[in-house]
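Here is what each chain is made of, one letter per residue.
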Amino acid sequence: MKFATWNVNSLRVRLQQVVDWLKFYQPDILCLQETKVQDENFPLDEITAAGYQSVFVGQKTFNGVALLSKQAGEDVVTAIPGLDDVQKRVIAATYADIRVICVYIPNGESVESDKYQYKLNWLYAFHEWLQEEIVKYPKLALLGDFNIAPEDEDTYDAVAWKDKVLCSQPERDAYYGLLKLGLVDSFRMFEQPEKVFTWWDYRMMAFRRNRGMRIDHILLSETLSNYCVSCVIDKSVRKLERPSDHAPVMVDLTKMS
DNA sequence: ATGGTAGAGGATCTA
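Now for a look at the structure at hand. (Residues numbered from 1 in each chain as written. Chains lettered and ligands numbered in written order. Predicted model: local features only at pLDDT ≥ 70, side-chain atom pairs only at ≥ 80, totals over all residues. Heavy atoms only, no water.)

It is worth spelling out the packing of helix α3 (residues 114-136) against helix α5 (residues 169-180) at this point. Packed helices, taken two at a time, are described by their axes: the angle between them and the distance between them. Relative to each other, α3 and α5 sit at 10°, their axes nearing to 10 Å. Overall, the two elements α3 and α5 adopt an arrangement that is roughly parallel. For the pair α3 and α5, the contacting residues are Tyr116, Lys119, Leu120, Leu123, Phe126, His127 and Leu130 in the first and Pro170, Glu171, Ala174, Gly177 and Leu178 in the second. Residue composition of the contact of α3 with α5, grouped by class: 8 nonpolar, 2 polar and 2 charged. (Axes fitted to C-alpha atoms, helices over the stretch in contact; angles between N-to-C directions. Helix = DSSP H or I, 4+ residues; strand = E, 2+ residues; numbered from the N terminus. Parallel < 35°, antiparallel > 145°, perpendicular 65-115°, else oblique. Contact = heavy atoms within 4.5 Å. Nonpolar A, V, L, I, M, F, W, Y, C, P; charged D, E, K, R; others polar.)

Counting buried residues in strand β8 (residues 140-145) gives 6 out of 6 residues, a clear majority hidden from the surface. The pairing of strand β7 (residues 98-104) with β8 spans 6 bridges and is parallel. Counterpart to Ile101 in the pairing with β8 is Leu142. Of the crossover connections in this fold, the one passing from β7 over α3 to the parallel β8 is right-handed. Bridge analysis of β8 against strand β12 (residues 216-221) gives 5 bridges, and the strand direction is antiparallel. Of the residues in β12, the one forming a bridge with Gly144 is His217. (Buried < 20%, exposed > 50% of the residue type's maximum accessible area, 1.4 Å probe, protein only. Pairing = 2+ DSSP bridges. Right-handed = clockwise from strand over helix to strand, strands pointing away.)

What follows covers the packing of aromatic side chains. Evaluation of the coordinates by the stated rule reveals 10 aromatic pairs. Ring geometry for Trp21 versus Tyr25: centroids 4.6 Å apart, planes at 40°, classification tilted. With Trp21 and Tyr25 both in helix α1 (residues 11-25) and 4 residues apart, the pair spans about one turn of that helix. Judged by its relative accessible area of 4%, Trp21 falls in the buried class. What makes Tyr25 partly exposed here is its relative accessible area of 22%. For the pair Tyr175 and Tyr176, a centre-to-centre distance of 5.1 Å together with 85° between the ring planes defines the contact as edge-to-face. Linked through ring pairs, Trp6, Trp21, Phe24 and Tyr25 together constitute an aromatic cluster. (Phe/Tyr/Trp six-rings, centres within 6.5 Å; stacked < 30°, edge-to-face > 60°.)

Relative to the helices and strands, Val19 resides in helix α1. Since its relative accessible area comes to 9%, Val19 is described here as buried. With 29 residues separating them in the primary sequence, Val19 and Thr48 have C-alpha atoms 9.8 Å apart. Setting aside residues up to four positions removed in sequence, Val19 forms contacts with Glu46 and Ala50.

With that out of the way, let us pick up the protein's contact with DNA strand B. Around DNA strand B there are 16 residues in total, and Ser10, Arg14, Lys60, Lys115 and Arg203 lie nearest to it. Each atom of DNA strand B within 4 Å of the protein belongs either to a base or to sugar and phosphate, the latter forming 68%. At a separation of 3.5 Å, a phosphate oxygen of DNA strand B approaches a polar side-chain atom of Arg89. Looking at side-chain class alone, the surface near DNA strand B contains 5 nonpolar, 4 polar and 7 charged residues. (Near = heavy atom within 4 Å. Polar contact = N/O pair within 3.5 Å; in protein donor to acceptor, adjacent residues only side chain to side chain.)

What follows is the structure in structure tokens.
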């Protein structure tokens, strides 16, 4: 089984890239973030034609998440229960006995911003909900754009980004708080080269200079991690014309088959 | 030098 995540930064702009990617890699599940499309405009026909089912929750202009899957999901949840939030940032579904949660964690803008407080509050509420979910579902995968670089090695310049948004200690504490619930960073299960990132700013030729950050993650519950044989970042799509600023991340749970 | 680019939507906001 292959699970993947990709912040597409507008599904309508990236639709052909997503369809091509699905056809090439044939993941069992693809989590999308920043679809930026209202539900009535979701490109259902094109996704269906590619052989995938979809569940989604979107809004005008910003945010929006979706789960594309070969098999139908059950027990779909489209918000953090109990959190009063107009922003569409989470969707979860169960496939066989595996709970898949797709998240678009707030960016935060800067540590001085009100959006940073919103991010920390959101992470607290998400933690509370995830704690319940992982008890209910021992096989759980959490995929998405976390907008957090867990370690200095996940940044192109740790000195420049020290205590900045995406790297600040409260954000990293919240990230490791999620791991403490019983999740493993699939990327770090394996030996990896240095300077491997998932996001590069559109500006300042950041991609060409590999000035990126590793902020998109696939976290697996310990039960599920036993089946994981690889975690790769597909940098190739970032080189396409009109790319998303994020690259997809994919895990292979082949041992499960 | 606090810039630059991309997306949505139709002036700025978000990232």
